[in-house]
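Each chain is listed here by its residues.
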Amino acid sequence: MKKRVELLAPAGNFEKLEMAFHYGADAVFLGGKEFSLRAGGHNFDRDELVEAVKYAHQRDKKVWVALNIIPHNDEMDALPEYVRFLEQTAGVDGVIVADLGVLEIVKENSKLHISASTQASNTNWRSVKMWQEMGASRVVLAREVSLENIKEIRSKVPDIEIEVFIHGAMCMSVSGRCLLSNYMIGRDANRGDCAQSCRWKYNVMEENNSGQKEPIYSQDEPTHIFNSKDLCTIEFIDKIIDAGVDSLKIEGRMKGIYYVATTVKVYREAINRYYSGNFTYDRKWLEELETMSHRKYTTGFYFNKPDSESQNYNNRNSYSQSHKLVAKVAEKISDNEYILEVRNKIFAGEELEVASNKGEPIIIILPDMRMTKKGITGIVYEANPNSMVRVKVDADMNRLDMIRRVLKK
Ligand code: SF4
């Protein structure tokens, strides 16, 4: 029997890793402080990497480490020792590489499982086969492939693991091969430091044959011509699994805990339903994915090449969300007493929803709170971000549950 597909989540730091596993991920991908994209993210230092792998393996989960920068000569010398550290000390499950030199160094210094990064822009079976011949056990396909492309790659290269993106931001350029941010602001997308210049507002001028310039407007204002919608595949996730992939990847190492937990929970439920043999799409999944901040959703390249409908031309309604994370349950002290870690200001008496890793959200009325900080005693009626409060709530909540405010119905 074919192995169940892996649900792979982003982990920008230890808290996100913990949330990803708690909400149902089989594996996470993360970056070390060395040789990884996402320079601005909270990547893991060596001690944190060791801790992360230990935590994952105790729960039978996997950790894939990104080694996917495109390095220059002076960066290669330190790589062999780092690869040996990843295999022998940290014990990671595999590495993700984009560069052939890095691939060779990984092979020379370890027996680590190697994934060819999406940065390598694999869009056809010959390229996938070539990566396999060079030593990769898995290829992360570029986002620019269709379901039909995936099926053909699967049939022509049957014994390689295939990983595809199922949710998250899209680049308007092929798998991040883009110099916009580097050129405009000196921040290198291929070092994980993209300033998202494609989301900015542009005044575009068209010059006609006689040299006259005409502005191009979108809805009477400058346009966001490069600003792609976000990928969302929940409505056809069964078709992606049917195409024969091995791993379903959620994009977003820079995103917050609410994003990680919510996407993982929704796709986990859908995948479980697929393997129950009775897959039917549940509209609630999409509603749940709409609770978090997102650009409008698109099906990306899965069915057709994106057309004008795949772009957000108007930034005024580029992002939307129906809910906002206000607190996380940090500790369950007794059946009805909890410590909450506050993320956005909360007020006693307000109605909030509690979302956990299983089932429907429940509604609570936030009671008066007590600060847990030393020196502050007595009851408080509101609490600010980064504070910890103690509350008594007659509801069954658990550690890592997320408490959220409804912004609109
Ligand atoms: S500027 Fe936009 S298209 Fe270019 S790498 Fe960044 S996110 Fe991708």
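Residues numbered from 1 in each chain as written. Predicted model: local features only at pLDDT ≥ 70, side-chain atom pairs only at ≥ 80, totals over all residues. Heavy atoms only, no water.

**What about the packing of aromatic side chains?**
Argument step 1. Overall, the coordinates contain eight aromatic pairs when judged by the stated rule.
Argument step 2. Relative to Tyr 55, the ring of Phe 21 lies with its centre 6.4 Å away and its plane at 20 degrees, an arrangement referred to as stacked. Here Phe 21 is found in helix 1 (residues 14-22), whereas its partner Tyr 55 is found in helix 2 (residues 46-58), with 34 residues between them in sequence. For the pair Phe 21 and Tyr 55, a shared accessibility class is recorded, and that class is buried.
Argument step 3. An angle of 70 degrees between the planes, with centres 6.0 Å apart, marks the rings of Tyr 281 and Trp 285 as edge-to-face.
Argument step 4. Three or more aromatic residues joined by ring pairs make a cluster, and in this case those are Phe 14, Phe 21 and Tyr 55.
Argument step 5. The aromatic ring of Phe 85 is capped on one face by Arg 46, whose charged end is 4.6 Å from the ring centroid. (Phe/Tyr/Trp six-rings, centres within 6.5 Å; stacked < 30°, edge-to-face > 60°. Helix = DSSP H or I, 4+ residues; strand = E, 2+ residues; numbered from the N terminus. Buried < 20%, exposed > 50% of the residue type's maximum accessible area, 1.4 Å probe, protein only. Lys NZ or Arg CZ within 6 Å of the ring centre and 35° of its normal.)

**A look at the site of the ligand**
Argument step 1. Residues in close proximity to the ligand include Cys 171, Met 172, Ser 173, Cys 178, Ala 189, Cys 194, Ser 197 and Cys 198, which together make up its full environment.
Argument step 2. When its residues are assigned to classes, the shell around the ligand shows six nonpolar, two polar and no charged. (Near = heavy atom within 4 Å. Nonpolar A, V, L, I, M, F, W, Y, C, P; charged D, E, K, R; others polar.)

**Points about the side chain of Arg 143**
Argument step 1. By the secondary structure assignment, Arg 143 is in the loop between strand 6 (138-140) and helix 7 (147-156).
Argument step 2. Despite its burial, Arg 143 remains without a salt bridge, the nearest opposite charge being carried by Glu 251 at 4.8 Å.
Argument step 3. Side-chain polar atoms of Arg 143 contact the backbone oxygen of Ala 169, separated by 3.4 Å. (Lys, Arg positive; Asp, Glu negative; His and termini not counted. Salt bridge = Lys/Arg side-chain N within 4 Å of Asp/Glu carboxyl O. Polar contact = N/O pair within 3.5 Å; in protein donor to acceptor, adjacent residues only side chain to side chain.)

**Some points on the domain arrangement of the protein chain**
Reports often express the size of an interface as the amount of accessible area lost when the parts come together.
Argument step 1. With domains assigned, the protein chain is organised as domain 1 (6-174 + 227-320) and domain 2 (323-406).
Argument step 2. One C-alpha centre belongs to domain 1, the other to domain 2; they are set 32 Å apart.
Argument step 3. Facing 13 residues of domain 1, the contacting portion of domain 2 comprises 16 residues.
Argument step 4. When domain 1 packs against domain 2, the two sides together hide about 1400 Å² of surface, and 49% of this comes from carbon and sulfur.
Argument step 5. When the area that domain 1 buries against domain 2 is broken down by residue, the three leading residues are His 22, Tyr 23 and Tyr 258, summing to 37%.
Argument step 6. On the surface where domain 1 and domain 2 come into contact, there are five salt bridges.
Argument step 7. The closest approach of N and O atoms between Glu 15 and Arg 343, which form a salt bridge, is 2.4 Å.
Argument step 8. Between the two partners, domain 1 and domain 2, sit 11 residue pairs in polar contact (both at pLDDT 80 or more).
Argument step 9. Broken down by secondary-structure element, the contributors of at least two residues to the side of domain 1 that touches domain 2 are helix 1, helix 10 (257-275) and helix 11 (283-289).
Argument step 10. In terms of residues, the side of domain 1 that touches domain 2 owes the most to one element, helix 10, which gives five residues. (Domains from an automatic or database assignment. Contact = heavy atoms within 4.5 Å. Buried area = accessible area lost by both parts, 1.4 Å probe.)

**Concerning the environment of Glu 288**
Argument step 1. Here Glu 288 is to be found in helix 11.
Argument step 2. Residue Glu 288 is classed as buried on the basis of its relative accessible area, which comes to 16%.
Argument step 3. Once the C-alpha coordinates of Glu 288 and Ala 243 are considered, the two residues, 45 residues apart in sequence, prove to be 25 Å apart.
Argument step 4. In contact with Glu 288, not counting residues within four places along its chain, are Tyr 258, Thr 262, Val 266 and Arg 404.

**What to know about the environment of Phe 29**
Argument step 1. Secondary-structure assignment places Phe 29 in strand 2 (residues 27-31).
Argument step 2. Judged by relative accessible area, Phe 29 falls into the buried class, the value being 7%.
Argument step 3. C-alpha separation for the pair Phe 29 and Gly 244, spaced 215 residues apart in sequence, amounts to 21 Å.

**Points about the packing of helix 4 (residues 79-90) against helix 5 (residues 100-109)**
Helix-helix packing: each pair is described by the crossing angle between the helix axes and the interaxial distance.
Argument step 1. Where helix 4 contacts helix 5, the two axes come as close as 9 Å, and the packing angle between them is 55 degrees. On the basis of the axis angle, helix 4 is oblique to helix 5. The handedness of the crossing between helix 4 and helix 5 is right-handed. Seen from helix 4, the contacting residues are Leu 79, Pro 80, Val 83, Arg 84 and Glu 87; seen from helix 5, they are Val 102, Ile 105, Val 106 and Asn 109.
Argument step 2. For the contact of helix 4 with helix 5, a count of residues per class yields six nonpolar, one polar and two charged. (Axes fitted to C-alpha atoms, helices over the stretch in contact; angles between N-to-C directions. Parallel < 35°, antiparallel > 145°, perpendicular 65-115°, else oblique. Left-handed = near helix turned anticlockwise from the far one by under 90°.)

**Regarding the pairing of strand 3 (residues 62-67)**
Argument step 1. Among the six residues of strand 3, five are classified as buried, and the element is accordingly described as predominantly covered.
Argument step 2. When strand 2 meets strand 3, the two strands line up parallel, connected through five bridges. Its bridge partner lying in strand 3, Val 28 is registered against Val 63. (Pairing = 2+ DSSP bridges.)

**Brief notes about the sheet that holds strand 24 (residues 402-406)**
Argument step 1. In space, the eight strands of this open sheet follow the order 19-18-24-15-16-23-20-21, with antiparallel pairing throughout. Of all strands in the sheet, those bounded by a partner on one side alone are strand 19 (362-365) and strand 21 (379-380).
Argument step 2. The strands that helix 10 touches are strand 15 (323-334) and strand 24; relative to strand 24, the one it contacts most, it runs at about 95 degrees.

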